[in-house]
Amino acid sequence: MIYNPVKVDLAELRDAVTQEATAAGWAETRWFETTADDAGQGATKKALLQNVDLIIAAGGDGTVRAVAEALRGHDVPLALLPSGTGNLLARNLKLTLDASPESIRTAFTGVERKVDLGMISIEREDHTRDEHAFVVMAGLGLDAKMIANTDEDLKAKAGWAAYVKAIVASLRDPAELHLRFQLDNGPLTRRTVHTLIIGNCGSLPANILLMPDAIVDDGLFDLMMTRPTGVVGWVRVWFKVAWTNGVVRRTKAGRAIAGEHRNDHDLHYETGSTLRARLTRPDEIELDGDGFGKAAAFKAWMEPQALRIMTPTPAH
């Protein structure tokens, strides 16, 4: 068990896990706490050294991302006990969105589902590079600035609503991303955007389907770029994301009516497995909802079905 002590009631969680593990015939659970200096990678590596058969992550999206990063290359499944604000991977896998007895039971008795793991190598302004995993999305521009502007104290009290204040603050920033990029083996392209998002998953809270065609186990990411012009442009983007994606395209009939995405100046979608990009100036980057400083350039890619997630056993 890799748990974030800020996100869980430890005594209650221990009792519930012990009960479900015993009922399923598992041996004693070993517990590893995340800290301010270790989001979960170090704790997961310590657990793997003890030859555990299963890793359970109890925390928010940051904990899940860190644990998944440390699990890369190891043949050990991961179970999720969502305990954060977004719980985006669990949400996209349609798992129970809290550390309830049901989600704990799934950890010990569920079935495995293989999902893709996103990887990104970030080049900094001083030309150093660091490599990270992401399970939901990586974002630059307005998306990353929103994360940087989010008040963590307000987020702890108000949850997802805290991002509203951050969005308003970010929209006041007129700066755009000027970049050159290559998608897979395509041509080198120059583009100016407000936001660039590389998504393994597409669904957000509040019924927002940001990338409606994103599939968590297809070996591809969905690339979304926005550059709305003025208030009218932002309204068009919001309409497409909130209404067309979030409502119309959720049904078979709606998808038939909406058809394929019609890319335009405001909102553009692509799919691929590798993206290389260089910015004219370093800008904020976020991974799974956490800020990761500024990137001068990056290479992002998908590792197909590299992560094994425990999901509920289908009803017969």
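The coordinates are above.
Residues numbered from 1 in each chain as written. Predicted model: local features only at pLDDT ≥ 70, side-chain atom pairs only at ≥ 80, totals over all residues. Heavy atoms only, no water.

Caption draft 1: Expanded view of the overall build of the protein. Looking only at helices and strands, the protein features 10 helices and 16 strands. With 316 residues in all, the protein has 52% of them scored as buried. Contacts in the protein between residues at least 24 apart in sequence constitute 70% of all its contacts with a sequence separation of at least 6. (Helix = DSSP H or I, 4+ residues; strand = E, 2+ residues; numbered from the N terminus. Buried < 20%, exposed > 50% of the residue type's maximum accessible area, 1.4 Å probe, protein only. Contact = heavy atoms within 4.5 Å.)

Caption draft 2: Focus on empty space enclosed by the protein. Per the stated rule, a full pass over the model turns up two cavities of 30 Å³ or more. Breaking the lining of the largest cavity down by element, the ones donating at least two residues are β4 (78-82) and α5 (101-109). Examining the composition of the lining of the largest cavity, we find that four residues originate from one element, α5, more than from any other. One number sums up the size of the second largest cavity: a volume of about 50 Å³. (1 Å grid on protein atoms, 1.4 Å probe; cavity = no way out; pocket = protein on both sides within 12 Å on 5 of 7 lines; lining within 4 Å. Points joined across faces, edges and corners; volume = space filled by probe spheres on them.)

Caption draft 3: The packing of aromatic side chains, seen in detail. For the structure shown, the criterion picks out two aromatic pairs. Taken together, a centroid distance of 5.8 Å and an interplanar angle of 70 degrees make the contact between Y3 and W31 edge-to-face. Of the two residues, Y3 is situated in strand β1 (residues 2-3) and W31 in the loop between α1 (10-23) and β2 (32-33); the sequence distance between them amounts to 28 residues. Given the relative accessible area of 5%, Y3 is considered buried. Overall, the relative accessible area of 18% leaves W31 in the buried class. Stacked on the ring of W301, the Lys or Arg K299 has its end atom at 5.3 Å from the ring centre. (Phe/Tyr/Trp six-rings, centres within 6.5 Å; stacked < 30°, edge-to-face > 60°. Lys NZ or Arg CZ within 6 Å of the ring centre and 35° of its normal.)

Caption draft 4: Fine view of the pairing of strand β3 (residues 55-59). Counted residue by residue, β3 has five buried out of five residues, so it is predominantly covered. Residues I55, A57 and G59 point to one face of β3 and I56 and A58 to the other, with burial holding for every one of them. Pairing between β1 and β3: two bridges, direction parallel. Of the residues in β3, the one forming a bridge with I2 is A57. As defined by bridge partners, β3 adjoins β4 across five bridges and the pair is classed as parallel. Bridge pairing in β4 places I55 opposite L78. (Pairing = 2+ DSSP bridges.)

Caption draft 5: Main features of the pattern of salt bridges. One pass over the structure, following the stated rule, counts 11 salt bridges. Measuring nitrogen to oxygen at the nearest pair gives 2.7 Å for the salt bridge that ties R308 to E112. With R308 in strand β16 (residues 290-311) and E112 in strand β5 (residues 111-123), the pair connects residues that are 196 residues apart, well separated along the chain. For R124, the salt bridge goes to D130, with nearest N and O atoms at 2.8 Å. For R124, a relative accessible area of 16% corresponds to the buried category. Several salt bridges converge on common partners, so that one network encompasses R72, E131 and E303. (Salt bridge = Lys/Arg side-chain N within 4 Å of Asp/Glu carboxyl O.)

Caption draft 6: Structural view of the side chain of N92. In this fold, N92 is placed in helix α4 (residues 88-92). From its side chain, N92 meets the backbone oxygen of L88 in a polar contact 2.7 Å long. Within the structure, N92 has its side chain in polar contact with the backbone nitrogen of S203 (distance 2.9 Å). Apart from residues no more than four positions distant in its own chain, N92 is found in contact with C201, G202 and S203. (Polar contact = N/O pair within 3.5 Å; in protein donor to acceptor, adjacent residues only side chain to side chain.)

Caption draft 7: Spotlight on helix α2 (residues 41-49). Among the residues making up α2, those that are buried are Q41, A43, T44, A47 and L48. The buried residues of α2 all sit within an arc of 165 degrees when viewed along its axis, so they share a single face. In α2, the exposed positions that point more than 90 degrees away from the buried face belong to K45, K46 and L49. Contacts from the buried residues of α2 go to β1, β2, β3 and α3 (61-71). Looking at the residues trailing α2, positive phi occurs at N51, about 55 degrees. (Arc of directions from axis to C-beta.)

Caption draft 8: Fine view of the nonpolar core. Formed by 41 residues in total, the largest nonpolar core has its most connected members in I55, L78, L89 and L307. Of all the secondary-structure elements, those providing two or more residues to this core are α2, β3, α3, β4, α4, β5, β14 (267-272) and β16. Ranked by residue count, the leading element in this core is α3, at four residues. Every residue in contact with L307, bar those within four places of it in the chain, is listed here: A68, L71, L78, R113, K114, V115, L117 and V135. The next biggest cluster of nonpolar side chains, apart from the first, holds 25 residues, and it includes L177, V193, I198 and I285. (Core = buried A, V, L, I, M, F, W, Y, C linked by side-chain atoms within 4.5 Å.)

Caption draft 9: Fine view of unusual backbone geometry. A positive phi angle, close to 55 degrees, is found at N51, a residue other than glycine. Structurally, the position occupied by N51 is in the loop between α2 and β3. Positioned with a positive phi, N87 is a non-glycine residue whose angle comes to about 50 degrees. Looking at where N87 falls in the secondary structure, it is placed in the loop between β4 and α4.

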